[in-house]
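The residues making up each chain are set out below.
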Protein chains: 2
Amino acid sequence: MTIGIVGAGQLGRMMALAGYPLGLDFLFLDKDAQTPGGQVAPLLAGALADPALLGQLAQRSDVLTFDWENIPVEALENLSGKTRIAPPLRALAAAQDRLSEKRTFELLGIPTTKYAAVDSRESLELAVASIGLPGVLKTRRMGYDGKGQFVLRQPADLDRAWNELGKSPLLYENLVPFDAEVSVIAVRGTDGELAFYPLNLNVHRDGILRLTRAPHGNAALTRQAQRAARKLLTHFQYVGVLTIEFFVKRGRLIANEMAPRVHNSGHWTIEGAETSQFENHVRAIAGLPLGSTRARGHSAMINLVGEMPTRGPLLAEPGLHWHDYGKTARPGRKLGHITICENAAKSRNQRAFKLLSRVDRATWLALR
Amino acid sequence: MTIGIVGAGQLGRMMALAGYPLGLDFLFLDKDAQTPGGQVAPLLAGALADPALLGQLAQRSDVLTFDWENIPVEALENLSGKTRIAPPLRALAAAQDRLSEKRTFELLGIPTTKYAAVDSRESLELAVASIGLPGVLKTRRMGYDGKGQFVLRQPADLDRAWNELGKSPLLYENLVPFDAEVSVIAVRGTDGELAFYPLNLNVHRDGILRLTRAPHGNAALTRQAQRAARKLLTHFQYVGVLTIEFFVKRGRLIANEMAPRVHNSGHWTIEGAETSQFENHVRAIAGLPLGSTRARGHSAMINLVGEMPTRGPLLAEPGLHWHDYGKTARPGRKLGHITICENAAKSRNQRAFKLLSRVDRATWLALR
């Protein structure tokens, strides 16, 4: 069985590495063969929306998936007669557009931020008047790693925000002064089987995830997160891995966004869970039973952003797991990650902060 | 850094899958592109001893290794000026020839079987007279998975054994009525750093490994095994993973053979150890620090030989890890393996036997 993957970034690469032992084959489509995925599996090089290439990918694959949510849904819709696509395009479409995403949360009774669609200078003023300050103006589409966002703290910020983002359809939402950020990774099999990973506790800096610790052992939060994930998975008749990111505010979860795919905050599952998110995604879309999502110890994952630290001294750390995505260094780019698993949350935290001080001093200073 | 691997079987495949996250690239040389390794990394197709292909492999690689010990040492020796080769060819040469292997054990004071070289009908008679019956006549070269062996139990067996194997240089050794079979997997880094995995308890049937359980927690046996491994690693100024298989007889280890490579009895380390044997082999030959060899729980590995069982019901087993090498089914051929990790040795054993009854009934019946 061959799995076709639109997008050959690190997520696709880790899917292939997890899927090979299951006896699955992989084929990527991406602009460039020098992508993380193209280094470990065959790749069709060209535009992600190229109908001829997508047709070829569909023809050579038994099921089609994607490792990035900002791909044109229409291009994939044309294939839906020719191949099976998972996760479902309805979920992809909803996740691509922050307005559809918020409406889906509302529809399903999943608590989320206050928001308003913004498509003119006037509607921005109305939105700010109704929702208040501070707030965040976001492009409805193509936002990731903090891109396409502007925080408004005072009335004077409206002009600057509008000048920067006004050319795209926008969404304004209140800025949640959160106590913490968490995410849940859930998976639904072809036959409707559901599984949930333990909650992830996430730290972002400049809009980019820097540190995830899991399991984040709060039973009440875990229940809320799983309830939300269950609603979304069932609503979309979803197949594959789905991620929801939440703000935690006074013991309540507020859904921030969802991703119809494996997620950076789940990278710890490679070593820290019985079955990784990548394996469970490919199991689900290949129609196989899901694997156990049980945590093996207490894990921390630190992203390696912008430049890779020197490998040798870190590999000498007992039990440190190194993940290099094979990408060219560039400021703000996710190039790899490291994971540690400890027997207790306390020693995990101590070790994670020590490692953070070595590989991401700015985040370490911010957390100190 | 690119690692060139001579031989693209399942061992090479698992090396590549373990090495990709370290940021390493791989290039295989094998007869056929439809090999397990060729499905996950680029491959040069042709004879393993082809000087032109070996030259190309050496030129495109920073270090050269092998996933099979029965490759012509002379062909590799011609490359030794052009590239770094690890493990060292002296160790490969010693392991290829059962006589050199026994002499190395003797030289280093590692207890082994009684043996004699056999190169004529007369020398076979002399060997049997001196060592006694029962014994095993083995080809000195190209033996694996029980191939090229003949058990002699009575004088009448000499003729049949000689007729079957007499065309090759041979070795006769006493048949050890062992209590158990164990193996140790050890690794030595480029800078001389040593690490040892816990002992493996192995069950063979028809000369093929069927079941490994680890850690086999006997401190005295572990000490003996590590002492032997340390001697060999130091003797050869070894770099990479080395495996020694032993018979256990009344609490003493008797070395049976060594393999200058990762080993089937170490497949459990993928999920069952902090760092897998495959990752540690590529770390060692790439000049990187070794990873922790600590066991994570109690593991059992069952080989899938001859035909793959139906995947679905087994993948539904919680925490069962599936490894399909992507090979064509053939009687006696190792096609894949499964691994489970449990919190205690007792539950691990119970589960392993239950699984064995499903995927390898003959071995299960033999062990019952």
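For the structure, check the block above.
Here we summarise the structure given alongside this text. (Residues numbered from 1 in each chain as written. Chains lettered and ligands numbered in written order. Predicted model: local features only at pLDDT ≥ 70, side-chain atom pairs only at ≥ 80, totals over all residues.)

From N to C terminus, chain A includes 13 helices and 18 strands. Its C-alpha atoms put chain A at 55 × 50 × 40 Å along the principal axes. Summarising the internal contacts of chain A: among those between residues at least 6 apart in sequence, 61% fall at separations of at least 24. (Helix = DSSP H or I, 4+ residues; strand = E, 2+ residues; numbered from the N terminus. Contact = placed C-beta atoms within 7 Å.)

A few words now on the interface of chain B and chain A. Contact residues are listed per partner, giving 25 residues for chain B and 25 residues for chain A. Only helix H11 (311-315) and strand E17 (321-324) of chain B provide two or more residues apiece to the side of chain B that touches chain A. Taken together, the residues of the side of chain B that touches chain A break down into 11 nonpolar, 8 polar and 6 charged. (Nonpolar A, V, L, I, M, F, W, Y, C, P; charged D, E, K, R; others polar.)

Here we take up the sheet that holds strand E1 (residues 2-6) of chain A. Residues and elements named next belong to chain A. If you trace the 5 strands from one edge of the open sheet to the other, you get E3-E2-E1-E4-E5, paired in parallel fashion. Two strands lie at the open edges of the sheet, namely strand E3 (43-45) and strand E5 (84-85), each paired on one side alone. For E1 and strand E4 (residues 63-66), the ladder comprises 4 bridges, and the chain directions are parallel. What sits directly across from Val-6, in E4, is Phe-66. (Pairing = 2+ DSSP bridges.)

Residues and elements named next belong to chain B. Taking burial as the measure, the 10 residues of strand E14 (residues 240-249) include 9 buried ones, the bulk of the element. Pairing geometry for strand E10 (residues 180-188) and E14, over 9 bridges, is antiparallel. In the strand pairing of E14, Ser-183 is matched with Glu-245. The turn linking E14 back onto strand E15 (residues 252-259) is made up of 2 residues, and Arg-250 within it adopts a positive phi angle of 50°. (Buried ≥ 20, exposed ≤ 12 C-beta atoms within 10 Å, placed from the backbone.)

Another point: the packing of helix H4 (residues 89-96) of chain B against helix H5 (residues 98-107) of chain B. Residues and elements named next belong to chain B. Interaxial distance between H4 and H5 falls to 5 Å at its minimum, and their mutual angle equals 110°. Considering the angle they form, H4 stands roughly perpendicular to H5. Of the residues in H5, those touching H4 at Ala-93, Ala-94 and Ala-95 are Ser-100, Glu-101 and Thr-104. (Axes fitted to C-alpha atoms, helices over the stretch in contact; angles between N-to-C directions. Parallel < 35°, antiparallel > 145°, perpendicular 65-115°, else oblique.)

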